[in-house]
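Okay, here's what each chain looks like letter by letter:
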Amino acid sequence: MNASDPRSPGHRSKRPSRKERGRQTPAPAVDAHRPDGVRLQKILAEAGLGSRRACEQLITEGRVTVDGETVRELGTRIDPATQTVSVDTMPITAHTDKVYLAFNKPAGVVTAMSDPEGRRCLADYLRDRPERLFHVGRLDYETEGLLLITNDGELSNRLTHPSYEISKTYLAEVRGPVPKDAGARLREGIELEDGISRVDSFKLVDSTPGYALVEVVLHSGRNRIVRRLFDAVGTPVQRLVRTQFGPIPLAEQRQGKVRDLRPDEVGALTEAVRL
């Protein structure tokens, strides 16, 4: 018998022994988590599988798989456009009709979908969108900058609810000079006709005779709050631009342009309001 024949005496089989097989490292599990995605329980709830709490229980019970892998972590985020979700081995269809937009609003535009006076409004910039959309919060007629637009009612309500304290950043061009104590007064709080309001931060960006550029961050959503605060410290606003809403910056987006938020931006917004 040929020595190379596995049946020959003394031939060493290439097949691992039982002991060796026991020491072999199993193949690593596929990681379904996508840091810039949407929370798995939110996708399940939007697919009609019950309340958010009920969907969380489905996950912890091991009844949910993503791309064939069981997922038990409640913090898991996925990309519903590229990943397959199943519950009890039955694939589900995640709703993909949610729209999240960022609009760089020019001055002289009404923050509404229509205006009885015939002024420019949001509908003039969204005519090609078939969805029923609404704005998150508002900017007054002359204020420019970042405005979020969506059809996700739950997210919108949380982003504007005072309990979540979502910050907004503004650049204000004001009449100078700015009083030396203006920043301290604004941080401590100013008594207005509808109660005390304050900014979270105040930074003088630039100053020349008769002019100053100031950045303020605050989480209040009261009507014309930034303008009223600057009026109260004696520096009326001449131009006002919102440059950031929560984790979403205006960045280099051109005025009058609408863009879709990226998945990681949507994820950052839902994380900010604990969805």
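These numbers come from a predicted model, not from an experiment.

### Structural notes on the overall build of the protein
On a plain count of helices and strands, the protein comes out with seven helices and 17 strands. The contacts of the protein with a sequence gap of at least 6 include a subset with a gap of at least 24, amounting to 61%. Entry remark: accessible area of the protein is about 15800 Å², with carbon and sulfur atoms responsible for 48%.

### As for the sheet that holds strand β3 (residues 69-70)
A sheet is described by the order of its strands in space; here four strands give the open sequence β3-β2-β5-β6, paired in antiparallel fashion. The two strands at the open ends of the sheet, each matched to only one other strand, are β3 and β6 (90-91). Strand direction decides the pairing type here: strand β5 (residues 85-87) and β6, joined by two bridges, are antiparallel. Among the inter-strand pairings, S86 is bridged to a residue of β6, identified as P91.

### Description of empty space enclosed by the protein
Scanning the model with the defined rule gives one cavity of 30 Å³ or more in all. Roughly 50 Å³ of volume is contained in the largest cavity. If you trace the largest cavity, you find it lined by Y100, L101, V136, L148, I149, T150, L155, L159, L261 and L269. Taken together, the elements giving at least two residues each to the lining of the largest cavity come down to β7 (100-105), β9 (144-150) and α4 (153-160). Looking at the lining of the largest cavity, the element that brings in the most residues is β9, giving three residues. Tallied by class, the residues present in the lining of the largest cavity amount to nine nonpolar, one polar and no charged.

### Observations concerning the nonpolar core
Ranked by size, the top nonpolar core spans 30 residues in total, and within it F202, V216 and F230 carry the most contacts. Among residues more than four places away in sequence, those in contact with F230 are A172, V174, L186, F202, V214, V216, T235, P236 and V237.

### What to know about the environment of Y170
Here Y170 is to be found in strand β10 (residues 168-174). Spatially, the C-alpha atoms of Y170 and Q244 are 7.2 Å apart, while their sequence positions differ by 74 residues. Apart from residues lying up to four places away in sequence, Y170 is in contact with L139, V214, E215, V216, L218, V226, L240, V241, R242 and T243. Within polar-contact distance, the side chain of Y170 engages the side chain of R242 at 3.2 Å.

### Some points on the packing of aromatic side chains
Under the definition given, this model contains one aromatic pair. Residues F103 and Y125 carry aromatic rings whose centres are separated by 4.8 Å and whose planes lie at 45° to one another, so their mutual orientation is tilted. A residue pair is termed long-range when its members are at least 10 positions apart, and F103 in strand β7 and Y125 in the loop between β7 and β8 (134-136) qualify at 22 residues. Overall, the relative accessible area of 0% leaves F103 in the buried class. The ring of Y141 has R119 sitting right over it, with the charged end atom 4.9 Å from the ring centre. A cation over an aromatic ring shows up here: K168 above the ring of F245, its NZ or CZ 5.6 Å from the ring centre.

### Quick notes on the pairing of strand β15 (residues 237-245)
Both β9 and β15 contribute to a ladder of two bridges, which runs parallel. Bridging across to β15, G145 finds its partner in R242. Relative to β15, β10 runs antiparallel, the two sharing seven bridges. What sits directly across from E173, in β15, is R239. Bridge count between β15 and strand β16 (residues 248-249): two bridges; the pairing is antiparallel. Pairing of Q244 across the sheet is with P249, part of β16. The hairpin turn running from β15 into β16, its antiparallel successor, is two residues long, and G246 in that turn takes a positive phi close to 55°.

Each value, and the rule that gives it
Residues numbered from 1 in each chain as written. Predicted model: local features only at pLDDT ≥ 70, side-chain atom pairs only at ≥ 80, totals over all residues. Heavy atoms only, no water. Helix = DSSP H or I, 4+ residues; strand = E, 2+ residues; numbered from the N terminus. Contact = heavy atoms within 4.5 Å. Areas by Shrake-Rupley, 256 points an atom, 1.4 Å probe, with all protein chains shown as cover. Pairing = 2+ DSSP bridges. 1 Å grid on protein atoms, 1.4 Å probe; cavity = no way out; pocket = protein on both sides within 12 Å on 5 of 7 lines; lining within 4 Å. Points joined across faces, edges and corners; volume = space filled by probe spheres on them. Nonpolar A, V, L, I, M, F, W, Y, C, P; charged D, E, K, R; others polar. Core = buried A, V, L, I, M, F, W, Y, C linked by side-chain atoms within 4.5 Å. Buried < 20%, exposed > 50% of the residue type's maximum accessible area, 1.4 Å probe, protein only. Polar contact = N/O pair within 3.5 Å; in protein donor to acceptor, adjacent residues only side chain to side chain. Phe/Tyr/Trp six-rings, centres within 6.5 Å; stacked < 30°, edge-to-face > 60°. Lys NZ or Arg CZ within 6 Å of the ring centre and 35° of its normal.

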